[in-house]
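Chain residues, written in single-letter form:
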Amino acid sequence: QNALYQIMMSQSPVDESSFRLDGQKMTYRPVSTGAVKMDMCLELAKKGENFVLHFSYATGLFLDETIAFYGRCMRRIVMELLGDQERLLTQLPRMSQQDHQALVEEPNYRVTPFVNLPLQKLLHNRSASMWNSTAIIFHNESITYEKLEKRANAMAQFLVDQGLQPGQNVGLCMSRTPDMVAAMYGVLKAGGSFTYVLPSFPASRLHYMLTTACSAMMLCDSIARTQLPEDFWQEGLPCSVHTIPDGEAEHFNDIPISQENLANILFTSGSTGVPKGVMACHRSVIDYIEHLCDVLKFDETTVFGNQTPLYFDAYLKEVIPTLKYGA
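Residues numbered from 1 in each chain as written. Predicted model: local features only at pLDDT ≥ 70, side-chain atom pairs only at ≥ 80, totals over all residues. Heavy atoms only, no water.

Counting 45 residues, the largest nonpolar core has L172, M184, L219 and L323 as its most contacted members. Looking at this core element by element, the count peaks at 8 residues for helix α5 (residues 178–189). When neighbours within four sequence positions are excluded, L323 is seen to be in contact with L123, R126, A135, I136, Y145, L148 and V181. Among the nonpolar cores identified, the runner-up in size contains 18 residues, and C173, L198, L210 and C239 belong to it. (Core = buried A, V, L, I, M, F, W, Y, C linked by side-chain atoms within 4.5 Å. Buried < 20%, exposed > 50% of the residue type's maximum accessible area, 1.4 Å probe, protein only. Helix = DSSP H or I, 4+ residues; strand = E, 2+ residues; numbered from the N terminus. Contact = heavy atoms within 4.5 Å.)

As structure tokens, this is what we get:
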């Protein structure tokens, strides 16, 4: 529906703190009259060293959450102006990263029953809106989304430099540390899929899994690499083996892929025969995760303990939903 509203913006010409009575500073206390002169009125007042923006609005026309949204938009505009006063108002973003993701990104890319974005894009959107917030807690150390993003960028650039092509698989042989998550994220950024393996597996099983998954390379951390069985290194390695790089990278342009690309290849236990590789594309993983988040009602207060073995399908259910919605 199209609606026309009367909106007025005014600015108080004096500083509230300048009011005095008999030499004593007066305290300004706004009193609501229960009515508004216009459909919505924005009043800008100076209070000491600060400026206060006050909304008055007709509750029959606007919901409280709508006005709260307008307030966040005004805050974003002011913050952008403080960063670059030469920019025109028409050039400034009007919504916070969180609102843009919730109101623009996901609705416009949502194709029932899944969000039409690859996993790494979902994680990147979250990082952009929660840059300084905690993403992972490891041994009482808080890893921010910024650090996770930059660490994943370094992993992705390293993989591309080693020759990883879009759609290729990477075996991940990692200890349970934040780098384990960053490596998974980095593989996705580089356009590949990942298969988790454990250094405690027999060499024959490691060779079988990497060969069956057609892994182009295996990525290890320094701890897991030393724990690989000695006979794993015998001639006939199924792929090249690399140790994760140190450091972080400010930027990495994610390799474009489709939702039909593989995200993960996991293997059954093999209790009834040889282990079988199960291929999961981005679309199916995201479909499941979105449904899981709706059912469990994840939000920014959610904290999930990561206890599932890396090679179980439940591992992704613990890691990705909490990175996208919680901590």
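Let's pick the thread back up.
Okay, unusual backbone geometry next. Phi is positive for H139, close to 50°, though the residue is something other than glycine. As for its position among the elements, H139 is in the loop between β8 (134–138) and β9 (141–144). One non-glycine residue with positive phi stands out, namely C214, at about 55°. For C214, the position within the fold is in the loop between α6 (203–212) and β12 (215–220). Its relative accessible area of 59% is what places C214 among the exposed residues.

If you walk through the whole model with that rule in mind, you get 10 salt bridges. Two residues, R72 and D99, come together in a salt bridge whose shortest N-O distance is 2.8 Å. Placement of the pair is R72 in helix α1 (residues 64–83) and D99 in helix α2 (residues 97–109), with a sequence separation of 27 residues. The exposure class of D99 is buried, given its relative accessible area of 9%. (Salt bridge = Lys/Arg side-chain N within 4 Å of Asp/Glu carboxyl O.)

Our focus in this paragraph is the packing of aromatic side chains. Within the structure shown, the criterion is met by 5 aromatic pairs. Seen in terms of ring centroids, F69 and Y70 are 6.0 Å apart; in terms of plane orientation they differ by 50°. Their pairing is tilted. Measuring from centroid to centroid gives 5.3 Å for F232 and W233, while their planes differ by 85°, and the two rings are edge-to-face. For W233, a relative accessible area of 34% translates into the label partly exposed. Members of the aromatic cluster, joined through ring pairs, are F62, F69 and Y70. A cation over an aromatic ring shows up here: R205 above the ring of F201, its NZ or CZ 4.7 Å from the ring centre. (Phe/Tyr/Trp six-rings, centres within 6.5 Å; stacked < 30°, edge-to-face > 60°. Lys NZ or Arg CZ within 6 Å of the ring centre and 35° of its normal.)

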